[in-house]
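Per-entry structural report
In case you want the letters, here they are:
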Amino acid sequence: MTIEGLTYRFVTLSEHKFFGHTTIQLLNSPVRIAEREKAIVDGFDHPEDRNYAPLDPRGPHEGVRDARWRLIVNIPERQLLEWREH
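Residues numbered from 1 in each chain as written. Predicted model: local features only at pLDDT ≥ 70, side-chain atom pairs only at ≥ 80, totals over all residues. Heavy atoms only, no water.

**Quick look at the packing of aromatic side chains**
Note the cut-off: Each Phe, Tyr or Trp ring (for Trp, its six-membered ring) is paired with any other whose centre lies within 6.5 Å, and the angle between the two planes then decides the class: stacked below 30 degrees, edge-to-face above 60, tilted in between. Counting as a charge over the ring demands two things of the Lys NZ or Arg CZ atom: a distance within 6 Å of the ring centre and an angle within 35 degrees of the ring normal.
Enumeration over the complete set of coordinates arrives at 0 aromatic pairs. The side chain of Lys 38 reaches across the aromatic face of Phe 19, ending 4.4 Å from its centre. Over the face of the ring belonging to Tyr 52 we find Arg 65, whose NZ or CZ atom lies 5.2 Å from the ring centre.

**Looking at a nonpolar patch on the surface**
Note the threshold: Only residues whose relative accessible area exceeds 30% and that form no salt bridge enter a patch; like-charged residues are grouped when within 9 Å of one another, and nonpolar side chains (Val, Leu, Ile, Met, Phe, Trp, Tyr) when within 5 Å. Throughout, the Shrake-Rupley method with a 1.4 Å probe supplies accessible areas, and for residues the shown protein chains are the sole cover considered. Any carboxyl oxygen of Asp or Glu that lies within 4 Å of a side-chain nitrogen of Lys or Arg is treated as forming a salt bridge with it. Note on conventions: DSSP H or I runs of at least 4 residues are helices, E runs of at least 2 residues are strands, and numbering of each starts at the N terminus. The classification of residues rests on relative accessible area computed with a 1.4 Å probe and restricted to protein chains. Under 20% of the type maximum is buried, over 50% is exposed, and intermediate values are partly exposed.
On the surface, Met 1, Ile 3, Tyr 8 and Phe 10 cluster together into a nonpolar patch covering about 480 Å² of accessible area. By the secondary structure assignment, Phe 10 is in the loop between strand 2 (6-7) and strand 3 (21-26). Here Phe 10 falls in the exposed class, since its relative accessible area comes to 68%.

**Points about the sheet that holds strand 6 (residues 64-66)**
Definition in use: Two strands pair if DSSP finds at least two bridges between them.
The mixed open sheet is built from 3 strands, whose spatial order is 5-7-6. Of all the strands in the sheet, the pair left with one neighbour each is strand 5 (53-54) and strand 6.

**Here we look at the pairing of strand 3**
With 6 bridges joining them, strand 3 and strand 4 (residues 29-34) adopt antiparallel strand pairing. Counted as the bridge partner of His 21 is Ala 34 from strand 4. Here strand 3 hands over to strand 4 after 2 residues, with Leu 27 in that stretch at a positive phi of 55 degrees.

**A short note on the confidence of the model for the chain**
Rule in force here: A residue's pLDDT is the predictor's confidence in that residue, given on a scale from 0 to 100.
In the predicted model, the chain carries a mean pLDDT of 83, and the fraction of residues at 70 or more is 94%. Summarising per-element confidence for the chain, the mean pLDDT is lowest in strand 2 (74) and highest in strand 3 (91).

Set out below in structure tokens:
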């Protein structure tokens, strides 16, 4: 499913992997959705997608390619580490 230029892929999880979610209201119905970090981890759990994905999907498709995680690191390192300051 593509919304505003971002493609979302629905995946199924084993019960023991079902954590890291929150409930939101969507069209007057409760919907469970993965938290940002859990969504990233779940994506790593599906190696069938062999393309490199940008770490920031709205950013440029340029940057260092990380073969281990199949990511294009398109965010400056200082920005990646900002969370430690809060």
